[in-house]
Amino acid sequence: MNPRHPLKAAIAGDCPRCGAHTLFDGLVRFAPKCRSCGLDFSSFNVGDGPAAFLILIVGALVVVGALVLDAAVEPPWWVHLIWVPIAAGLTIGGLRIAKAWLLGQEYRHRAREGRIAE
């Protein structure tokens, strides 16, 4: 099978081995294994890297957006509450894509824990 582009596979939530849409078992929680080919997703270590970078990026975007909105139209304070669901949506959507992309890259490059030769 010809593998899809890593970003397209991450957006779709595809298994990196077979391409089935079985990577997630919730919004951002990986399934234990692929229901199609049996690839064990728990053997990959995605960690908290995507979350940390994403929070910094989304935070910067939301702050810049809030400042631009405030400078442009000077709305009442409660109008800025719109940034809460925007930040949540960007974080959850981005986290799903970032985690899937990183897992796909680990699979593609056969990344494993470091081992010391004895």
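Owing to the predicted nature of the structure, the values given are computational and were not obtained by experimental measurement. (Residues numbered from 1 in each chain as written. Predicted model: local features only at pLDDT ≥ 70, side-chain atom pairs only at ≥ 80, totals over all residues. Heavy atoms only, no water.)

**Observations concerning the overall build of the chain**
Consideration 1: A count of helical and extended segments in the chain gives three helices and zero strands.
Consideration 2: Going from N to C terminus, the chain has its helices and strands arranged as α-α-α.
Consideration 3: Relative to the compact-globule value of 13 Å for 118 residues, the chain shows a C-alpha radius of gyration of 18 Å, a clear excess of over 25%.
Consideration 4: Along the longest, intermediate and shortest principal axes, the C-alpha atoms of the chain span 60 × 35 × 25 Å.
Consideration 5: Taking all 118 residues of the chain together, the buried fraction comes to 26%. (Helix = DSSP H or I, 4+ residues; strand = E, 2+ residues; numbered from the N terminus. Rg over C-alpha atoms; globule rule 2.2 N^0.38 Å. Buried < 20%, exposed > 50% of the residue type's maximum accessible area, 1.4 Å probe, protein only.)

**Looking at the side chain of Lys99**
Consideration 1: On the secondary structure map, Lys99 appears in helix α3 (residues 83-108).
Consideration 2: With no salt bridge to any partner, buried Lys99 finds its closest opposite charge in Asp48, at an N-O distance of 7.4 Å.
Consideration 3: Not counting residues within four places of it along the chain, the set of residues in contact with Lys99 comprises Val28, Phe30, Val46 and Pro50. (Lys, Arg positive; Asp, Glu negative; His and termini not counted. Salt bridge = Lys/Arg side-chain N within 4 Å of Asp/Glu carboxyl O. Contact = heavy atoms within 4.5 Å.)

**Re the packing of aromatic side chains**
Consideration 1: On inspection of all chains with the given rule, the structure shows two aromatic pairs.
Consideration 2: Seen from their ring centres, Phe24 and Phe30 are 5.3 Å apart, and the 20° between their planes marks the pair as stacked. Here the two residues Phe24 and Phe30 agree in accessibility, since each one is buried. (Phe/Tyr/Trp six-rings, centres within 6.5 Å; stacked < 30°, edge-to-face > 60°.)

**Observations regarding the state of the cysteines**
Put plainly, a disulfide is one covalent bond tying together the sulfur atoms of two cysteines.
Consideration 1: In the structure shown here, the tally under the stated rule is zero disulfides.
Consideration 2: The thiol sulfur of Cys15 is not disulfide-bonded, and the nearest other cysteine sulfur, from Cys37, lies at 3.7 Å.
Consideration 3: When its relative accessible area of 3% is taken as the criterion, Cys15 is described as buried.
Consideration 4: In this model Cys18 remains outside any disulfide bridge; the closest cysteine sulfur is found in Cys34, 3.6 Å from its own. (Disulfide = S-S within 2.5 Å.)

**A short note on unusual backbone geometry**
Consideration 1: Of note in the backbone geometry, Glu74 takes a positive phi value of approximately 45° without being a glycine.
Consideration 2: With respect to the helices and strands, the residue Glu74 is situated in the loop between α2 (49-73) and α3.
Consideration 3: On the basis of relative accessible area, Glu74 is assigned to the exposed category, the value being 66%.

**Examining the environment of Ala52**
Consideration 1: Relative to the assigned elements, Ala52 resides in helix α2.
Consideration 2: Once the C-alpha coordinates of Ala52 and Ala98 are considered, the two residues, 46 residues apart in sequence, prove to be 11 Å apart.

**Notes on the environment of Leu56**
Consideration 1: Position of Leu56 relative to the elements: it lies in helix α2.
Consideration 2: Residues Leu56 and Thr91, spaced 35 residues apart in sequence, show a C-alpha to C-alpha distance of 9.9 Å.

**Details of the confidence of the model for the chain**
Consideration 1: Chain-level pLDDT for the chain is 88 on average; 92% of the residues reach the 70-or-more range.
Consideration 2: Within the chain, no element has a lower average pLDDT than helix α1 (residues 6-12), which sits at 88, and none a higher one than α2, at 94. (pLDDT = per-residue confidence, 0-100.)

**Overview of the environment of Asp25**
Consideration 1: Examined against the element boundaries, Asp25 turns out to sit in the loop between α1 and α2.
Consideration 2: Sequence separation between Asp25 and Leu61 is 36 residues; the distance between their C-alpha atoms is 29 Å.
Consideration 3: With residues up to four places along the chain from it excluded, the contact list for Asp25 reads Phe30, Ala31 and Pro32.

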